[in-house]
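Chain residues, written in single-letter form:
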Amino acid sequence: MAGELASDLAGKVPPGSVTSRADIVRARAAAQATEAAAEAAWQADQDRCWQTFFATACRDAARRRYLAAQREVRRVVSEAGEVERRLDNQARADAKAAAQRSA
């Protein structure tokens, strides 16, 4: 389930798709929702795995799925932060240039 969450997030927010402030908000919301769902799936998988014969193998597979979802969430949040910093720097540079023109 958590592995599917990672691919769902990658489909919603592919690399390089965050380019505007609206994209940043959308990407962060999708990442937050995916992170919450991955955490819930991880807890459910752990409970389910204790009921199986090969509990360790089941928990290892669940952990790999959870970590894949977390990596994708970190990628999206990182990309959104990078774009936000770039847009903030551009806005500051534009404001500085406008102030210099008017002075």
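Look above for the structure.
### Some points on the pattern of salt bridges
At step 1: Within the structure shown, the criterion is met by seven salt bridges.
At step 2: Ionic pairing is found between Asp23 and Arg26, a salt bridge with its closest N-O pair at 3.6 Å. Highlighted residues: Asp23 and Arg26, both in helix H2 (residues 21-49), separated by three residues, approximately one helical turn.
At step 3: Owing to a relative accessible area of 16%, Asp23 belongs among the buried residues under this scheme.
At step 4: Under the relative-accessibility criterion, Arg26 is labelled partly exposed at 37%.
At step 5: Between Arg75 and Glu72 there is a salt bridge; the shortest N-O distance is 2.5 Å. Of this pair, Arg75 and Glu72 are both found in helix H3 (residues 55-102), three residues apart, which corresponds to roughly one turn of the helix.
At step 6: Classification of Glu72 by relative accessible area gives buried; the value is 15%.

### Re the packing of aromatic side chains
At step 1: Overall, the coordinates contain two aromatic pairs when judged by the stated rule.
At step 2: Summarising the aromatic geometry, the rings of Trp42 and Tyr66 are spaced 5.3 Å apart at their centres and angled 25 degrees between planes, so their arrangement reads as stacked. Within this pair, whereas Trp42 is found in helix H2, its partner Tyr66 is found in helix H3, the two being separated by 24 residues in sequence.
At step 3: Classification of Trp42 as buried rests on a relative accessible area of 12%.

### Details of the packing of H2 against H3
At step 1: Where H2 meets H3, the axes come as close as 9 Å, and the angle between the chain directions of the two elements is 165 degrees. Between H2 and H3, the crossing angle belongs to the class labelled roughly antiparallel. In terms of crossing hand, the pair formed by H2 and H3 is left-handed.
At step 2: A per-class count over the contact of H2 with H3 returns 17 nonpolar, four polar and 11 charged.

### A word on the environment of Cys58
At step 1: On the secondary structure map, Cys58 appears in helix H3.
At step 2: In sequence terms Cys58 and Arg48 are 10 residues apart; their C-alpha atoms lie 8.7 Å from each other.
At step 3: Aside from chain neighbours lying at most four places away, what touches Cys58 is Arg48, Cys49 and Thr52.

Each value, and the rule that gives it
Residues numbered from 1 in each chain as written. Predicted model: local features only at pLDDT ≥ 70, side-chain atom pairs only at ≥ 80, totals over all residues. Heavy atoms only, no water. Salt bridge = Lys/Arg side-chain N within 4 Å of Asp/Glu carboxyl O. Helix = DSSP H or I, 4+ residues; strand = E, 2+ residues; numbered from the N terminus. Buried < 20%, exposed > 50% of the residue type's maximum accessible area, 1.4 Å probe, protein only. Phe/Tyr/Trp six-rings, centres within 6.5 Å; stacked < 30°, edge-to-face > 60°. Axes fitted to C-alpha atoms, helices over the stretch in contact; angles between N-to-C directions. Parallel < 35°, antiparallel > 145°, perpendicular 65-115°, else oblique. Left-handed = near helix turned anticlockwise from the far one by under 90°. Nonpolar A, V, L, I, M, F, W, Y, C, P; charged D, E, K, R; others polar. Contact = heavy atoms within 4.5 Å.

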